[in-house]
Amino acid sequence: MVEHREIRLVTCLFIDVVGSTETTVQIGPERMQRLLSAAFAEISGTVQLHGGIVEKFVGDAVLAIFGVAVSHPDDAERALRAAEACVRWSTVWAGAGGLAVRVGIETGELLVDPKALETKQRMVMGESINLAARLQSYAQPGQVVVGPGCHEATEGIALFEALGGLELKGFGTVEAWRFDGFLGPGAAVDIAFVGRDPELAMLGEAFDRARDNVPSLALIVGPPGQGKSRLAREAIRRSAGVRVLEARCRPEAGENSPLRQLVVAEVGAADAGAVRDRIDRLLGTVDGADVAAAVNHSGGLAVDERLLLISRHEQRELIARQWQRYLSAVAAEVPLCLFVEDLHWGDPLLLRVLDYVTSSPSGRLLGLATARPEFLGSAHLRPRVTRVDIELGPLDDASAVRLAELAGGAGDAALSVQRAAGHPLFLIELARVRARGPRLPLTVQAAITARLDELSPGDRQLIQATSVAGERFDARDAAVLAEWEPSDVAAALARVSQLGFITPDGDGFRFHHALVRDVVYGRLPVTERMGLHARYAVEGVDAGDPVAQAHHWWEALKPPDAAWVWEDAVRHGRMRAEAHRIHIAAGTRLEERNAYEQALEVNQRAVELAETTTERAWAEAEVGRLFGRLGRGDDSWAHRLTALDLYGGAAERPPAKVYADMLEMVTFNWGWFHHLPADAEVLRLLTEGEALARASGDDVSLARLLAERASFTESAAGLDEIRRFVESDDPVPFADAAQRMATVLLFSARIGDAVRLFEAVFDKLLPAGANINTPEALAWYGAAAFTSGDLRKATSIAQQFGVESEHRSVHTRSHYHALRALVAFGRGDWAGLRESAEDGRQLAERNPDASMCLLSAAAAGYAAASKVLAGAPLPADVDAQAMRHVEDSEKVRAASVMLPKAMAGDAGAIRAGLTAYQDGLSLSDRSRVWDPADIIPAISLTVLERWDDLAPVLARLDVVDTAGARLAGAVAAAIREERLANPDGPAPSHTLLRELGYLGLSQLLRFRPTRTVQSPQL
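Residues numbered from 1 in each chain as written. Predicted model: local features only at pLDDT ≥ 70, side-chain atom pairs only at ≥ 80, totals over all residues. Heavy atoms only, no water.

1. Points about the environment of Val-68
Item 1. Inspection of the secondary structure puts Val-68 in the loop between strand 3 (61-66) and helix 3 (75-95).
Item 2. Look at Val-68 and you get buried, because its relative accessible area is 1%. (Helix = DSSP H or I, 4+ residues; strand = E, 2+ residues; numbered from the N terminus. Buried < 20%, exposed > 50% of the residue type's maximum accessible area, 1.4 Å probe, protein only.)

Structure below.
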């Protein structure tokens, strides 16, 4: 019996006695009263006989409800049978001088409050009551009309005629059906694993491949309750000699992320030191250090500050590769199976890791995962030959019949299977409610609801309260949520576990299926549910797990219900303030774990929870920053402008960091925008941000803003200040701004200044503990050293870059190959150059979805030039290579192939290539990003002896030479030698160029094509 308020699945039956008003006129009120009393008595008896109760009489009508006192798995069928019996009786009665009836029925969730009866209030409230009344008014005498809920619950056992969409007051258009009678009886079913032989064979082959050193991924896809986990566990049971690591994805996972579950399962402890020791034993102390750092970081066991400084794509790529090394080493000990349940809830980092580890060239490893149908085709998992997708449909009839027979179910097993439609969990729930005869549960929800009423009211209330904790919980969670004594909780959980509602799981329990928890949780009224979430956020969740805390605070306070649930405005405000604080902390934690999408969602919730304008402003700024991390420039900009407006409305100065964060994107990553902000707006915000940073003493933000202004305006006016910061007593926090300014100086051809600032960062700040995106900085540092004329330093930087780029993203490794190619290009190491370019080409081919850039395009151009230099024809795919690496800029594509085409005699290539060397171009169109001294145009024009067109190029080489680029001066001197050389005299010596070691550039400057295709003068 229900003893407290619950949301329950209830079927409402409205029966109206037809024509009572007209009959009263004819026969008088006294006789009419007797007829109505007889009708109400007959109807009430019929309702009670079928397991319902009469909630009340409304004039000439009766409202009966099924599923309130006790739920049955077939309450909708019971109501329909009661209606049929009442109609049948009324037909006979009307012929003997009685009255006809008409009936409306609907099934849906209602709020049930049994205590309301004591005060003569309504026992049930909800939409389906009113809808049943509307349907009753539409029915003709002797008819039963049902709504969508009742039809869905009973369409397998009854015949209906569709009435189409009815226009019902207060509801609009509602689909309805007229009941036309019942089908035949059904039978019982059982729980057992049967069938699925083809699927088991496919999984067996996947396990065999893993044992044979061929990694693969098996994905089992199906709707909830279709038997995905049962199939996976049966396949595991049949595969001997395989170590299994299990993890489960859940929306409310909090700190217990799937990657954490996997590493804890493998190592045996949630301890960063234990993980490091284990990986050291597997890979060695030196090789394992970075692996352990990435695994601990992604598992939430320790934060690696270095990972926080790189983009989310870079983080995911790096972390995935380190997990690949880690698990490959584990699988070398024993064949390994990673079993991940409910992958549709997995975050992008988990999916990237799973994709990497199961696509290794070799390894005794199988990824086995379950997911809902909407996950199939996910872009996160690349298709491959060794991937197996198993779309799990209903059990075939023979297997389902066998399942029913094994359970010893009563009645006709074949009809039971028809009613269950091959749904394994449906069959299991039928057996667990011990259904008898023809009355079978109609839905999983109805089956679970019926089972819940087998529990005592106290035990049911306990697990309902405990469901707030999530699918998994322990005795303490139950005690906190139900406010019971621990000893009582332990005894109750043992009873509930014995009945099969929950299952022991380590030191706690787990609902035996996620759907069971969902139904149990759904029976809590909104006010009680939100109150329990608030209590659990404070008393139940570990204070060190802000992600889980944020989940429960949101469920406790999310609009619109919170506005009426929490009537105490003062208390509500305090809770919102705490929830806002926790959400901001949760966003930070999720960002540390590379879960940027979830971090964004949490911060968006923080905006809604904010009590004050300042709180909302900060949350909006965080939302904007995270949109930036996700590469969504327009959204990022809009939210940060909103944040600034909110700060202004609160008459409060925003932190300068907000300006530095928002302007970093538009000044260094403007390719992320669809519509760039106006230049005037950017300059205004730069000015405002700098003023705020100075006024507040935020020198770190000031340094960042100075570097951002330099990038945007191509002016390094803030260089002296950044130098002072770097030379201060505490220079470490300025490392990122310094390396960005050094990069801007490189782009601006202030090579000497760029090299000196890079040296300060790498030689002074990094050893002191600074964190920057080291691999990306090395690419630009190497280019600066190369242009400065220090080929030895450029070579050393390229070697360091090789170490740093290992296990990094595809894009970063393409930068390494480009720098290696540039060094070989300068030195004249043509074999090494072609090897580097080929490595870059293969990298791009192996990763067709990865973005490339002008650096890798330049390397392809160098390689093509080396082939022409050796006497080979221009490679036929030179333009295709340029397009693969640089899709967005026609100017840069032309510049990357300008030299090899000029060497092949194509004078027209010069005009197209030089468009990327003009002043005033956007960053994405500037080849001077990688070639700041115009070396490639200089060589190309010299090869074609375009002496008149070389004048502006030589002038730039001279200017760049005075700015610290000895290479520029050496190239200019060599070109002048070439121009003045006597064809019959000795070859130009290129003394300066060769002394610096740039033998390759010297060779190229001497090259002349055998045939030149003329083009108009530039």
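2. Considerations on the nonpolar core
Item 1. Ranked by internal contacts, the top residues of the largest apolar core, which has 130 residues, are Leu-663, Phe-825, Trp-930, Leu-957 and Leu-1001.
Item 2. When near neighbours in sequence (up to four residues on either side) are disregarded, Trp-930 contacts Ala-779, Trp-780, Ala-783, Ala-818, Leu-819, Leu-822, Leu-854, Leu-855, Ala-858 and Tyr-862.
Item 3. Ala-247, Ile-279, Leu-301 and Leu-350 belong to the second-largest nonpolar core, a separate cluster that totals 45 residues. (Core = buried A, V, L, I, M, F, W, Y, C linked by side-chain atoms within 4.5 Å. Contact = heavy atoms within 4.5 Å.)

3. Description of empty space enclosed by the protein
Item 1. What the rule picks out here adds up to six cavities of 30 Å³ or more.
Item 2. Here the largest cavity defines a volume of roughly 160 Å³.
Item 3. Taken together, 15 residues line the largest cavity, and the ones lying closest to its centre are Ala-858, Ala-895, Ser-896, Tyr-917 and Ile-936.
Item 4. Of all the secondary structure elements, the ones that give two or more residues to the lining of the largest cavity are helix 38 (854-869), helix 40 (890-896) and helix 41 (898-903).
Item 5. The element contributing the most residues to the lining of the largest cavity is helix 38, with five residues.
Item 6. Each residue belonging to the lining of the largest cavity can be placed in one class, and the counts come to 11 nonpolar, three polar and one charged.
Item 7. Of the volumes computed, that of the second largest cavity is approximately 80 Å³.
Item 8. Only helix 34 (774-788), helix 36 (810-827) and helix 43 (935-943) provide two or more residues apiece to the lining of the second largest cavity.
Item 9. Of all the elements, helix 34 adds the most residues to the lining of the second largest cavity, at three residues. (1 Å grid on protein atoms, 1.4 Å probe; cavity = no way out; pocket = protein on both sides within 12 Å on 5 of 7 lines; lining within 4 Å. Points joined across faces, edges and corners; volume = space filled by probe spheres on them. Nonpolar A, V, L, I, M, F, W, Y, C, P; charged D, E, K, R; others polar.)

4. Description of unusual backbone geometry
Item 1. Here the bond from Pro-559 into Pro-560 is cis, since omega is 0 degrees, no more than 30 degrees from zero.
Item 2. Tracing the chain through its elements places Pro-560 in the loop between helix 22 (546-557) and helix 23 (562-565).
Item 3. At Asp-342, a position not held by glycine, the phi torsion is positive, near 55 degrees.
Item 4. Of the residues examined, Asp-342 reaches a relative accessible area of 13% and is grouped as buried.
Item 5. With a phi close to 65 degrees, Asp-934 is a non-glycine residue in the positive phi region.

5. Things to note about helix 25 (residues 596-609)
Item 1. For helix 25, built from 14 residues, the straight-helix expectation of 20 Å at 1.5 Å per residue is met to within 8% by its first-to-last C-alpha distance of 20 Å.
Item 2. Considered for burial, the residues of helix 25 that qualify are Tyr-596, Ala-599, Leu-600, Val-602, Asn-603, Arg-605, Ala-606, Val-607 and Leu-609.
Item 3. Lining the buried residues of helix 25 we find helix 11 (312-333), helix 22, helix 24 (569-592) and helix 26 (613-629). (Expected span 1.5 Å × (residues − 1).)

6. A few points about the environment of Gly-828
Item 1. Assignment of secondary structure puts Gly-828 in the loop between helix 36 and helix 37 (830-846).
Item 2. Given the relative accessible area of 19%, Gly-828 is considered buried.
Item 3. Distance from Gly-828 to Thr-91, taken between C-alpha atoms, is 104 Å for residues 737 residues apart in sequence.
Item 4. When sequence neighbours within four positions are dropped, the list of residues in contact with Gly-828 reads Gly-1000 and Gln-1003.

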